[in-house]
Amino acid sequence: MKRMLAEMTTEEVAGIDKNLAIAMLPIAAHEQHGPHLPIGTDTYILNGVLEEFIKILPDDLPLVVTPSIPIGKSNEHMPFAGTLSFSYETLLGVVHDICKSLARHGFRKIAIFNAHGGNTDILTSLCRDLRDQLNVRVFVIDWWFTNFWADILAELQESPRDGVFHACELETSIMMHLRPELVNTDRMAPCFPPEQLRRNKYVTIFGPVTMGWLTPDLAPTGVIGDPTKASAEKGRRFVAFAAGRLVEIAREIAALENLG
Ligand SMILES: [Zn+2]
């Protein structure tokens with residue numbers, strides 16, 4: 001069963017029952033991930049999870065995946081070489097135009113699958129605008145500022161609470177599983193936000209009071225968390241968990257009625 005838009009012909013796309021189908025738009029980033037992980041980490045992770053998700057996606061779930069957007073809004077990492085970033089306006093425009101194209105072809109439900117925390121705010125505000133402008137239901141599946149990973153982290157996480165944030169136990173584990181040859185295991189070292197932020201009750205990197213930080217404000221090495229607690233086996237389990245969770249989410253989205 002074809003799941004990737006890129007592999008389909010125009011006639012095949014025209015033949016999809018758009019009242020049932022979900023169009024999934026994956027988006028990641030190209031940004032520094034410390035001295036031990038590559039710039040493309042978020043994109044490798046996104047595509048690795050997607051691949052597993054598509055493998056286990058039941059045939060009765062009508063879902064089509066658009067090409068992944070490999071660049072997001074990553075200006076927090078700009079002080080580090082190699083980071084590519086869209087501006088707020090560009091990212092908004094790119095995602096808006098792809099969703100508009102999908103709506104033009106009749107899709108009524110669009111699920112944006114986001115693998116980079118810097119994109120989250122823009123995507124969540126855009127999904128309401130798209131509902132208003134295009135009369136489509138747009139969902140944002142985000143795993144950074146939600147409890148997406150909570151169940152598996154409760155089981156596997158060995159580092160402290162802020163040990164899973166960026167180039168961390170989670171991301172490093174997944175890269176050790178997906179692309180071990182790209183992980184510089186001899187360069188892995190923990191790096192945590194300043195003590196005051198870790199001790200605070202309100203002004204922390206997890207909120208409830210947030211601030212517009214750049215990565216060097218939190219972590220001179222570009223790592224926020226503890227990659228030394230990572231392993232390929234954890235990575236395999238993280239990917240399997242995420243793929244399964246995406247199937248559950250897709251099922252709930254599919255069950256929602258379309259807008260009139
Ligand atoms: Zn990342």
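A brief look at the structure comes next. Quantities reported herein were computed from a predicted structural model and do not represent experimental measurements.

Calculation criteria
- Residues numbered from 1 in each chain as written.
- Predicted model: local features only at pLDDT ≥ 70, side-chain atom pairs only at ≥ 80, totals over all residues.
- Heavy atoms only, no water.
- Pairing = 2+ DSSP bridges.
- Helix = DSSP H or I, 4+ residues; strand = E, 2+ residues; numbered from the N terminus.
- Axes fitted to C-alpha atoms, helices over the stretch in contact; angles between N-to-C directions.
- Disulfide = S-S within 2.5 Å.
- Buried < 20%, exposed > 50% of the residue type's maximum accessible area, 1.4 Å probe, protein only.
- Donors = N, O, S within 2.8 Å, 3.2 Å for Na, K, Ca; no water.
- Tetrahedral: all angles 85-135°; square planar, octahedral: opposite > 155°, others 65-115°.
- Phe/Tyr/Trp six-rings, centres within 6.5 Å; stacked < 30°, edge-to-face > 60°.
- Lys NZ or Arg CZ within 6 Å of the ring centre and 35° of its normal.
- Core = buried A, V, L, I, M, F, W, Y, C linked by side-chain atoms within 4.5 Å.
- Right-handed = clockwise from strand over helix to strand, strands pointing away.

## Re the sheet that holds strand β2 (residues 63-65)
Part 1: In space, the four strands of this open sheet follow the order β2-β1-β3-β4, with parallel pairing throughout. Strands at the two margins of the open sheet, each flanked by one partner only, are β2 and β4 (137-142). Here the strands of the sheet are splayed against their neighbours by 25 degrees on average, with no regard to which way each runs.
Part 2: Direction of pairing for strand β1 (residues 22-27) relative to β2: parallel, over a ladder of three bridges. By the bridge assignment for β2, Ile 22 is matched with Leu 63.

## Topic: the state of the cysteines
Part 1: In this structure the tally under the stated criterion is zero disulfides.
Part 2: Between Cys 99, a free cysteine, and Cys 127, which holds the nearest cysteine sulfur, the sulfur-to-sulfur gap is 9.4 Å.
Part 3: The closest cysteine sulfur to the non-disulfide-bonded Cys 168 is located on Cys 191, 12 Å from its own sulfur.
Part 4: Judged by relative accessible area, Cys 168 falls into the buried class, the value being 0%.

## What about the coordination of the zinc ion?
Part 1: At 1.8 to 2.7 Å from the zinc ion lie its protein donor atoms, namely His 33 (NE2), Asp 42 (OD), Glu 171 (OE) and Glu 171 (OE).
Part 2: If you look at the zinc ion, its four donor atoms make angles of 53 to 136 degrees with each other, and the shape they trace is irregular.
Part 3: Sequence spacing among the residues donating to the zinc ion works out to H-x8-D-x128-E. A residue pair is termed long-range when its members are at least 10 positions apart, and His 33 in the loop between β1 and α2 (41-56) and Glu 171 in helix α6 (residues 169-178) qualify at 138 residues. Side by side, His 33 and Glu 171 carry an identical accessibility label, which is buried.

## Examining the packing of aromatic side chains
Part 1: Under the defined criterion, the tally for this structure stands at nine aromatic pairs.
Part 2: With a centroid separation of 5.9 Å and 55 degrees between ring planes, the pair formed by Phe 165 and Trp 213 is classed as tilted. You can see Phe 165 sitting in strand β5 (residues 164-166) and its partner Trp 213 sitting in the loop between α7 (195-199) and α8 (215-218), a full 48 residues away along the chain.
Part 3: A connected cluster of aromatic rings, assembled from ring pairs, spans Phe 113, Trp 143, Phe 148, Trp 149, Phe 238 and Phe 241.
Part 4: Positioned above the aromatic ring of Phe 107, the side-chain terminus of Lys 18 is 5.6 Å from the ring centre.
Part 5: Positioned over the ring face of Phe 192 is Arg 198, at 4.1 Å from the centre of the ring.

## Observations regarding the nonpolar core
Part 1: Among the nonpolar cores identified, the biggest contains 52 residues, and Phe 53, Phe 113, Trp 143 and Trp 149 are the most heavily contacted of them.
Part 2: Of the residues forming this core, the biggest block, nine residues, is contributed by helix α9 (residues 232-255).
Part 3: Judged by nonpolar contacts, the second largest core, of 23 residues, contains Ile 110, Cys 127, Leu 130 and Val 136.

## Here's the deal with the pairing of β1
Part 1: The buried count for β1 comes to six of six residues, which makes it a mostly enclosed element.
Part 2: Burial of β1 is two-sided: the residues Ile 22, Met 24 and Pro 26 facing one way and the residues Ala 23, Leu 25 and Ile 27 facing the other way are all buried.
Part 3: Viewed along the sheet, the connection from β1 through α2 into β2 turns out right-handed.
Part 4: With six bridges connecting them, β1 and strand β3 (residues 109-114) associate as parallel partners. Directly across from Ile 27, in β3, lies its bridge partner Asn 114.

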